[in-house]
Amino acid sequence: MRFRAKIVDLACLNHFSRIINTIAKLAKTCILRLTVCKLYFILSDKVANGGSSMWCELSQGNFFDEFQMEGVAVEHNEIYLEFVPENLWRALKTAQSAKAVKIKLTNKHCPCLRVAVELPSLSSSSRIVTHDIPVGVIPRRMWNDFREPSVPDFDVSIYLPVLKTMKSVVERMKNLSNLIVIEANLGGEMNLKIETDLVSVTTHFKDLGNPPWASEDGCESSAQGRDLQSMAEACIDIKKLQQLLAGQQVNPTKALCNIVHKRIVHFILLHEEVSLQYFIPAIA
């Protein structure tokens, strides 16, 4: 099992660092799945137990100048590692003006991701700062626990408003309640609502547009045939929504949300080379 990679391009490095920062805000620990073409960052708190889950994938070719890996076996050419994303982000933060960053899986005293940051120096020799980030190697028998979450049959799918606007609304509401209701319809309308014994606040968004969803295999979601005005809603933990919005270092080109009425809210944020899915279960 081997892995080594190198980033030389500063723009790619800073972009990668922003993605790791976003992930660090959503997950204290997560799984890094390495394949020949892609990296996946996976958080799978069991949604059934009220935990949120995340699936973020990026193509390594868009970030790394060199990328070599050998998985646990020829027929299973993948590596699954558990780590603390905050540690990786801190290591990358020291690399903002680096000439190159190398990441390598090592195993001296325990398995680690070694991040070697080559900093520019005035003399001919370069300065290298290394960070060892402890990782846990996930055995093959447990890989199935970290498969891509299946997208539930949603009632409404809608594009999100400008995330900055949504974030400032949610931050103000967070001071009033721990819960927020997201409701939307197929007429491009979405409301964010909080209701307590003392106060009831609703923010309305209009003309957001609805994605033209009909899945590839031709089977349609339960959204088909719905009344355009009827709202699907879910009451969720406002902190989890705020974490998602506050963590957005990567400005997505598309952001949308699918609602399964009173069950789950599924967010999808797409950037050219990154896709992030985040599932927040409803609170009854």
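Keep in mind it's a predicted model, so treat the numbers as computed, not measured.

The number of helices and strands found in the protein is four helices and 18 strands. Taken over C-alpha atoms, the radius of gyration comes to 21 Å for the protein, in line with the 19 Å a tight globule of 284 residues would show. The buried share among the 284 residues of the protein stands at 48%. Sequence-distant contacts in the protein: of pairs separated by 6 or more residues, those separated by 24 or more amount to 64%. A total of about 14,400 Å² of accessible surface is found on the protein, and carbon and sulfur atoms cover 49% of it. Charge-centre separation for the protein: the mean point of 32 positive side chains lies 9 Å from the mean point of 30 negative side chains.

Domain parsing of the protein yields domain 1 (2–145) and domain 2 (156–216 + 227–281). Each of domain 1 and domain 2 was reduced to a C-alpha centroid, and the two centroids are 29 Å apart. Facing 20 residues of domain 1, the contacting portion of domain 2 comprises 19 residues. Across the domain 1/domain 2 interface, buried area totals approximately 1,700 Å², and carbon plus sulfur atoms make up 61% of it. Of all residues in domain 1, T22, K25 and L26 bury the most surface against domain 2, accounting for 29% of the area lost on that side. Our enumeration of links across domain 1 and domain 2 arrives at zero salt bridges. Where domain 1 touches domain 2, the interface holds five residue pairs in polar contact (both at pLDDT 80 or more). Taken together, the elements giving at least two residues each to the side of domain 1 that touches domain 2 come down to α1 (10–26) and β4 (53–59). Here the residues of the side of domain 1 that touches domain 2 are counted per class, giving eight nonpolar, nine polar and three charged.

Read across the sheet, four strands follow the order β14-β13-β12-β15 without closing on themselves; strand pairing throughout is antiparallel. The open sheet has two free edges, formed respectively by β14 (200–205) and β15 (232–237), since each of these has just one partner strand. Looking at each pair of strands side by side, their axes are set apart by 20 degrees on average, direction ignored. Judged from the six bridges that link them, strand β12 (residues 179–184) and β15 form a sheet pairing that is antiparallel. The partner of V181 across the bridge, within β15, is C235. Sitting on the sheet, helix α3 (residues 163–174) touches β12, β13 (190–195) and β14, and the angle it makes with β13 is about 10 degrees.

Below, the discussion takes up unusual backbone geometry. Even without glycine at this site, D207 takes up a positive phi of about 55 degrees. Overall, the relative accessible area of 73% leaves D207 in the exposed class. Although it is not a glycine, K262 sits at a positive phi angle of roughly 60 degrees. Among the structural elements, K262 can be located in the loop between β16 (254–260) and β17 (264–271).

It is worth spelling out a nonpolar patch on the surface at this point. A cluster of nonpolar residues, M1, V72 and V137, forms a patch on the protein surface that exposes about 240 Å² of accessible area. Residue position: V137 is located in strand β10 (residues 136–137). We classify V137 as partly exposed; its relative accessible area is 37%.

In total, this model carries two cavities of 30 Å³ or more according to the counting rule given. Quantified by volume, the second largest cavity comes out at close to 60 Å³. Along its surface, the second largest cavity is lined by F3, F16, L32, L34, L39, F41, F64, L88, I103 and L113. Residue composition of the lining of the second largest cavity, by class: ten nonpolar, no polar and no charged.

As a further point, take the state of the cysteines. All chains considered together, the criterion is met by zero disulfides. This cysteine, C37, is not joined by any disulfide, and C56 carries the nearest cysteine sulfur, 16 Å off. Its relative accessible area of 52% is what places C37 among the exposed residues. Looking at C235, it has no disulfide partner, and the nearest cysteine sulfur is the one in C257, 14 Å off.

Let's shift gears to the pairing of strand β7 (residues 100–107). In this sheet, β7 lies alongside strand β1 (residues 2–7) in antiparallel orientation, the contact comprising four bridges. Bridging from a neighbouring strand, I7 pairs with V101 of β7. For β7 and strand β8 (residues 111–119), the ladder comprises eight bridges, and the chain directions are antiparallel. Within β8, the position partnered with N107 by the bridge is P111.

Conventions adopted
Residues numbered from 1 in each chain as written. Predicted model: local features only at pLDDT ≥ 70, side-chain atom pairs only at ≥ 80, totals over all residues. Heavy atoms only, no water. Helix = DSSP H or I, 4+ residues; strand = E, 2+ residues; numbered from the N terminus. Rg over C-alpha atoms; globule rule 2.2 N^0.38 Å. Buried < 20%, exposed > 50% of the residue type's maximum accessible area, 1.4 Å probe, protein only. Contact = heavy atoms within 4.5 Å. Areas by Shrake-Rupley, 256 points an atom, 1.4 Å probe, with all protein chains shown as cover. Lys, Arg positive; Asp, Glu negative; His and termini not counted. Charge placed at Lys NZ, Arg CZ, Asp CG, Glu CD. Domains from an automatic or database assignment. Buried area = accessible area lost by both parts, 1.4 Å probe. Salt bridge = Lys/Arg side-chain N within 4 Å of Asp/Glu carboxyl O. Polar contact = N/O pair within 3.5 Å; in protein donor to acceptor, adjacent residues only side chain to side chain. Nonpolar A, V, L, I, M, F, W, Y, C, P; charged D, E, K, R; others polar. Pairing = 2+ DSSP bridges. Axes fitted to C-alpha atoms, helices over the stretch in contact; angles between N-to-C directions. Patch = residues over 30% accessible without salt bridge, like charges linked within 9 Å, V, L, I, M, F, W, Y side chains within 5 Å. 1 Å grid on protein atoms, 1.4 Å probe; cavity = no way out; pocket = protein on both sides within 12 Å on 5 of 7 lines; lining within 4 Å. Points joined across faces, edges and corners; volume = space filled by probe spheres on them. Disulfide = S-S within 2.5 Å.

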